[in-house]
2 protein chains.
Amino acid sequence: MKISSHCADNRKGLADTELAVRLAALSHPARIEILRHLARADSCCCGEVVGRLDLAQSTVSQHLKILVSAGLVRFKADGQRSRYAIDRPALRAVAEELACFASACCVDC
Amino acid sequence: MKISSHCADNRKGLADTELAVRLAALSHPARIEILRHLARADSCCCGEVVGRLDLAQSTVSQHLKILVSAGLVRFKADGQRSRYAIDRPALRAVAEELACFASACCVDC
DNA sequence: AATTTTCATCGTATATCGACGATAAACGAT
DNA sequence: ATCGTTTATCGTCGATATACGATGAAAATT
């Protein structure tokens, strides 16, 4: 397997910005905790998350929105609830992107 | 190999905060670009980085400081220059931490 | 000693983040 | 229709982040 074959398209400019955005979404303790919780429960409504986080409902809603817009969490309306589910492939993708960057495998692509 | 054996101590609270801090250092395009450049050159002085980034010298200096304080870059005075070098093991460690988190390997530790 | 080079720091301006309470909107139940 | 529940959004605030130019400090050069 060629090293570059598992490296995302990395013609710069855009790539760095997008990676940065995704890592930014992950760079807050509350959002990490939310993801951890979603990983356990597979799917949660906002209220469930609020019940665990010692943060106001509006704040949790904001964090969830950030995670959704970063593509790490999926949203689905469910009656008066909102179901949030972790997007495992997306999370893995970010981790792989960072791993690729870290091992300097993308030096020449 | 037990799954938990390569998972960092994760008794919560602190762990999430620390991961968040490291990811925050990585979540800026300029800093990603700086790391990429350091990875190629192995060691750079501030001016070299400034020459490539289209940012003011003071701004670059700030970003370098953030990377150093996050432990991702090492600093060494060298005459009137400042040598900055990427800390590959540290970078790998962050990537592994995120990978561990992503694969939900730390659910029960 | 004076000058130049290199870099860090200071001060400042602006933008974004993270938190909250209050409110609105949507839905289910009565 | 009304009420309670659930969630999103708005407005606001303090704090932090990001950028810059100007200044200062240290080392090399003249």
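Residues numbered from 1 in each chain as written. Chains lettered and ligands numbered in written order. Predicted model: local features only at pLDDT ≥ 70, side-chain atom pairs only at ≥ 80, totals over all residues. Heavy atoms only, no water.

The name given to chain A in an unreviewed UniProt entry is ArsR family transcriptional regulator, with the source organism recorded as Aquamicrobium defluvii.

Once that is clear, we can look at unusual backbone geometry. In this structure, Asp42(A) is a non-glycine residue whose phi angle is positive, near 70°. Turning to its location among the elements, Asp42(A) is positioned in the loop between α2 (29-41) and β1 (44-45). Positioned with a positive phi, Asp54(B) is a non-glycine residue whose angle comes to about 55°. Position of Asp54(B) relative to the elements: it lies in the loop between α3 (46-53) and α4 (57-69). (Helix = DSSP H or I, 4+ residues; strand = E, 2+ residues; numbered from the N terminus.)

Okay, the packing of aromatic side chains next. Residues and elements named next belong to chain A. All chains considered together, the criterion is met by two aromatic pairs over all chains. Arranged with centres 5.5 Å apart and planes meeting at 55°, the rings of Phe75 and Tyr84 form a pair that is tilted. Assessed through its relative accessible area of 9%, Tyr84 is described here as buried. (Phe/Tyr/Trp six-rings, centres within 6.5 Å; stacked < 30°, edge-to-face > 60°. Buried < 20%, exposed > 50% of the residue type's maximum accessible area, 1.4 Å probe, protein only.)

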